[in-house]
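Structural characterization, general
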Amino acid sequence: MYGKNAWNKYTGEKLDALMQFNEEYKEFISKCKTERECVEYSIELCKKYGFKEISEYKKLKAGDKVYATNKNRNICAFIIGDEKIEDGINVLGAHIDSPRIDLKQNPLYEKTDMALLDTHYYGGIVKYQWVTHMLAMHGVVCKMDGTSVNVVIGEDENDPVVCITDLLPHLAADKNNKPGNKVIEGEDLDITIGHMPLEGEEKNAVKAHALKLLKEKYNIEEEDFVSAEIEIVPAGKARDLGIDRSMVIGYGHDDRVCAYTSLRALLDAGKCSRTTCTFLVDKEEIGSVGATGAQSKWFENTIAELNALMGNDSNIATRRALTNTRMLSSDVSAAVDPLYQSVFEVKNAAYLGKGICINKYTGARGKSGCNDASPEYLAQIRSIFDSNDINYQTAELGKVDIGGGGTIAYILGNYNMEVVDAGIAVLSMHAPNEVVSKVDVYEAYLAYMAFIKNVK
Ligand code: MN
Ligand code: MN
C-alpha cells in the first residue's frame, strides 16, 4: 500500500504485537549508545537464534547461521540459503554510529576550580542542541598491557551524569545575536565532570580528584585517554512519546532503528532460498570512511570467506556474488515536521505513520553524490511490498535546492549490485533525542522481512 497511513491496520492482537516489538526496540537503543555496544548486543541476539562465529565453521552449508565481526564495530550476520552464494545474496545494510560528542585524546583540564573534559564532536550535530542536557559517557579505554576497560557513566539511576553548561540569558545578549551555527562553537562543547578538590593537593586539586576517582573505579591513568574511545551521549532510556504512546523518543534512532529492525528481520525470517545477510557498519555519519566504514573492503572479504567455506574460493565467485546481490540500504528519512513544513516538497516527503520510506536517490543539488536506484529494481520492491501488505512511501530529503545528504547506498552500488535506500522517517534527526513512530518501526521490520525473503 503506497502513501497511506498504516495505523488503521493495527487493532487487537496485531496492535499488541506492534507495541511489544517496540518495547524490544526501546531496550536496544536504551542499552546500545555506541557502535561497540550495538555489535555486542547483536552478537548476543544472534547467539540466541543459534548463530555461530565464522571461525567456528570449517565449512558452511544451507541452513547454517553465521556471523562475523570487524574490529568490534561492524557485524555481518548470514543465513546460508539453498542457492549458491555467487548467484547473489539478499542484504539489509544499516549504520550503527550516531552523531555524538567524543573526548579528545588529551581531554582533562581544570579551570575556575572545575574539572572538564575537552571534546570533538562526531557527525553533523546542531551544536546548540547539546548543551545543558544530562549526558552519559560510554566507551572503552585500551591500555598498554593489552587489556581494555569498558566505561559507562550516567546510565544507572544511581550514577552521576555529566553536562555541557550554557550561559544564562541575562548575560547572553552578544551571544544570542550570533547565527545559529556560531551560537555554540565546537570548542565550547567541553563537559563538566567535577568540582571537589582532592584533600592535601595544592595545585589542580579538582583535576587530581577526578583522576583519583578514575583510577579507583577503572584503574586508568591520565595518559590512558590517548588510547581511549569515549563517546558523550544523552543519558537515560528511550521513552514513549505522546499521550497515545504512538512514538518513541530517544537517542540514536539514526540509524539504530533501521539496524535493529534489519537484524530482527533477518533472524525472524529464518532460512530462505537465497543467502540472506544483515550488515551493520560504522562511520556513516563521517563519510563511511576507514576500516570499519562501508567503504572498507571488509564486506567484500567476508563474502570471499563465505565462498571459501562453501568450497568455492575463486575470485570470480565473489565478484559474481556482489554483482548479483540485492540490497536495501536501511537508513532513516527526514519526516515532515508540522512546525517546519516549508523546507519540504510535500508530495515527495516522508511522514510519520506511512510506513517504510523508499529514497530512490538522496544527494544534494543535482542529485550530487547519490545512488540513483534503477526503476526495474524499484518495480520489484513495490511488487514485494504490495503483495505482503506493507505500507510504504517515497521521499526526497527536502526541497530540491534546500539540502541534501548521503547514505551507504552508492558505496555498495559500486559493486554493481542493485541497492536502494529504504528506512524509517525520523523527526528531530541528529538531535540528542530523535522521534520515530512505532507503526513505522514495525512496518519497516515487516518490510525488511518481506524483502529478504522474496527479492531476486
Ligand atoms: Mn543515517
Ligand atoms: Mn545521520
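What you see is a predicted model, and the numbers here were worked out from it, not measured in a lab.

1. A few points about the overall build of the protein
Along the backbone of the protein there are 11 helices and 22 strands. Relative to the compact-globule value of 23 Å for 456 residues, the protein shows a C-alpha radius of gyration of 23 Å, a close match. Based on the C-alpha atoms only, the size of the protein along its principal axes is roughly 70 × 55 × 45 Å. For the protein, the residues scored as buried account for 54% of the 456 residues in total. Taking the contacts inside the protein whose residues are at least 6 apart along the sequence as the reference set, 76% of them involve residues at least 24 apart.

2. A short note on the domain arrangement of the protein
Quoted interface sizes are often the accessible area lost when the parts come together. Taken domain by domain, the protein consists of domain 1 (6-98 + 251-454) and domain 2 (101-234). One C-alpha centre belongs to domain 1, the other to domain 2; they are set 33 Å apart. Contacts between the two partners involve 17 residues from domain 1, matched on the other side by 14 residues from domain 2. Both sides of the domain 1 and domain 2 interface together cover about 1400 Å² of buried area, and 51% of this is carbon and sulfur. Looking at the side of domain 1 facing domain 2, the largest losses of area belong to Lys33, His430 and Pro432, adding up to 36% of the total buried there. Our count for the domain 1 to domain 2 interface comes out at three salt bridges. Salt-bridge contacts for Arg36 lead to Glu229; the nearest nitrogen and oxygen are separated by 3.3 Å.

3. Digging into the side chain of Arg100
With respect to the helices, strands and loops of the structure, Arg100 is situated in strand E5 (residues 100-111). Overall, the relative accessible area of 2% leaves Arg100 in the buried class. Side-chain polar atoms of Arg100 contact the side chain of Glu35, separated by 3.0 Å. For Arg100, the side chain forms a polar contact with the side chain of Asp102, separated by 2.6 Å.

4. Looking at a nonpolar patch on the surface
On the surface, Leu339, Tyr340, Val343 and Ile402 cluster together into a nonpolar patch covering about 430 Å² of accessible area. Tracing the backbone shows Val343 in the loop between strand E15 (333-334) and strand E16 (356-359).

5. Focus: the coordination of the manganese ion (ligand 1)
Protein coordination of the manganese ion (ligand 1) is provided by His95 (NE2), Asp254 (OD), Asp331 (OD) and Asp331 (OD), with donor distances spanning 2.2 to 2.7 Å. Sequence spacing of the donors to the manganese ion (ligand 1): H-x158-D-x76-D. Accessibility expressed as a relative area gives 3% for Asp254, which makes it buried. A relative accessible area of 6% places Asp331 in the buried class.

6. So, the pattern of salt bridges
On inspection of all chains with the given rule, the structure shows 28 salt bridges. Close ionic contact of Asp118 with Lys104 constitutes a salt bridge, the shortest N to O distance being 3.4 Å. You can see Asp118 sitting in strand E6 (residues 114-122) and its partner Lys104 sitting in strand E5, a full 14 residues away along the chain. A residue is classified by how much of its surface remains accessible, and Asp118, at 14% relative accessible area, is buried. Overlapping salt bridges, with partners in common, bring together Glu23, Lys26, Asp240, Arg245 and Lys438 in one network.

7. Focus on the sheet that holds strand E12 (residues 247-250)
One open sheet accounts for three strands, arranged E11-E12-E22; its pairing is antiparallel. The sheet is open, and its two borders are formed by strand E11 (239-241) and strand E22 (434-437), each paired with just one other strand. Taken pair by pair, the neighbouring strands of this sheet meet at an average axis angle of 35°, ignoring direction. Across four bridges, the pairing between E12 and E22 is antiparallel. When the bridges of E22 are listed, Gly250 appears paired with Glu434.

8. Some words on the packing of aromatic side chains
Enumeration according to the criterion identifies 13 aromatic pairs in this entry. For the pair Phe28 and Tyr41, a centre-to-centre distance of 5.1 Å together with 75° between the ring planes defines the contact as edge-to-face. Linking Phe28 in helix H1 (residues 12-31) with Tyr41 in helix H2 (residues 35-48), this pair joins segments that are 13 residues apart in sequence. This pair shows no difference in class: Phe28 is buried, exactly as Tyr41 is. Pairing Phe279 with Trp298 gives two aromatic rings, centres 6.2 Å apart and planes at 40°, and the pair type is tilted. Of this pair, Phe279 sits in strand E13 (residues 275-281) while Trp298 sits in helix H7 (residues 298-309), and the two are 19 residues apart along the sequence.

9. Structural notes on the nonpolar core
Counting residues in each nonpolar core, the largest one holds 64 residues, and the members touching the most others are Ile356 and Phe385. Among the elements that make up this core, the one with the highest residue count is helix H11 (residues 438-454) (11 residues).

10. Thoughts on the coordination of the manganese ion (ligand 2)
Listed as protein donors to the manganese ion (ligand 2) are Asp254 (OD), Glu285 (OE), Glu285 (OE) and His430 (NE2); their distances from the metal cover 2.1 to 2.6 Å. Within one chain, the residues serving as donors to the manganese ion (ligand 2) are arranged as D-x30-E-x144-H. In this model, the manganese ion (ligand 2) sits 3.5 Å from the manganese ion (ligand 1), the two metals being bridged by Asp254. In this pair, Asp254 sits in helix H6 (residues 253-269) while His430 sits in the loop between strand E21 (425-426) and E22, placing the two residues 176 residues apart along the sequence. Each member of the pair, Asp254 as well as His430, carries the same accessibility label: buried.

11. What about the packing of H1 against H6?
At a closest axis distance of 10 Å, the pairing of H1 and H6 adopts a crossing angle of 125°. Considering the angle they form, H1 stands oblique to H6. For H1 against H6, the interelement crossing comes out right-handed. Across the interface between the two elements, Phe21, Glu24, Tyr25, Phe28 and Ile29 from H1 touch His253, Arg256, Val257, Tyr260, Thr261 and Arg264 from H6. Looking at the contact of H1 with H6 residue by residue, the class counts come to six nonpolar, two polar and three charged.

Calculation notes
Residues numbered from 1 in each chain as written. Chains lettered and ligands numbered in written order. Predicted model: local features only at pLDDT ≥ 70, side-chain atom pairs only at ≥ 80, totals over all residues. Heavy atoms only, no water. Helix = DSSP H or I, 4+ residues; strand = E, 2+ residues; numbered from the N terminus. Rg over C-alpha atoms; globule rule 2.2 N^0.38 Å. Buried < 20%, exposed > 50% of the residue type's maximum accessible area, 1.4 Å probe, protein only. Contact = heavy atoms within 4.5 Å. Domains from an automatic or database assignment. Buried area = accessible area lost by both parts, 1.4 Å probe. Salt bridge = Lys/Arg side-chain N within 4 Å of Asp/Glu carboxyl O. Polar contact = N/O pair within 3.5 Å; in protein donor to acceptor, adjacent residues only side chain to side chain. Patch = residues over 30% accessible without salt bridge, like charges linked within 9 Å, V, L, I, M, F, W, Y side chains within 5 Å. Areas by Shrake-Rupley, 256 points an atom, 1.4 Å probe, with all protein chains shown as cover. Donors = N, O, S within 2.8 Å, 3.2 Å for Na, K, Ca; no water. Pairing = 2+ DSSP bridges. Axes fitted to C-alpha atoms, helices over the stretch in contact; angles between N-to-C directions. Phe/Tyr/Trp six-rings, centres within 6.5 Å; stacked < 30°, edge-to-face > 60°. Core = buried A, V, L, I, M, F, W, Y, C linked by side-chain atoms within 4.5 Å. Parallel < 35°, antiparallel > 145°, perpendicular 65-115°, else oblique. Left-handed = near helix turned anticlockwise from the far one by under 90°. Nonpolar A, V, L, I, M, F, W, Y, C, P; charged D, E, K, R; others polar.

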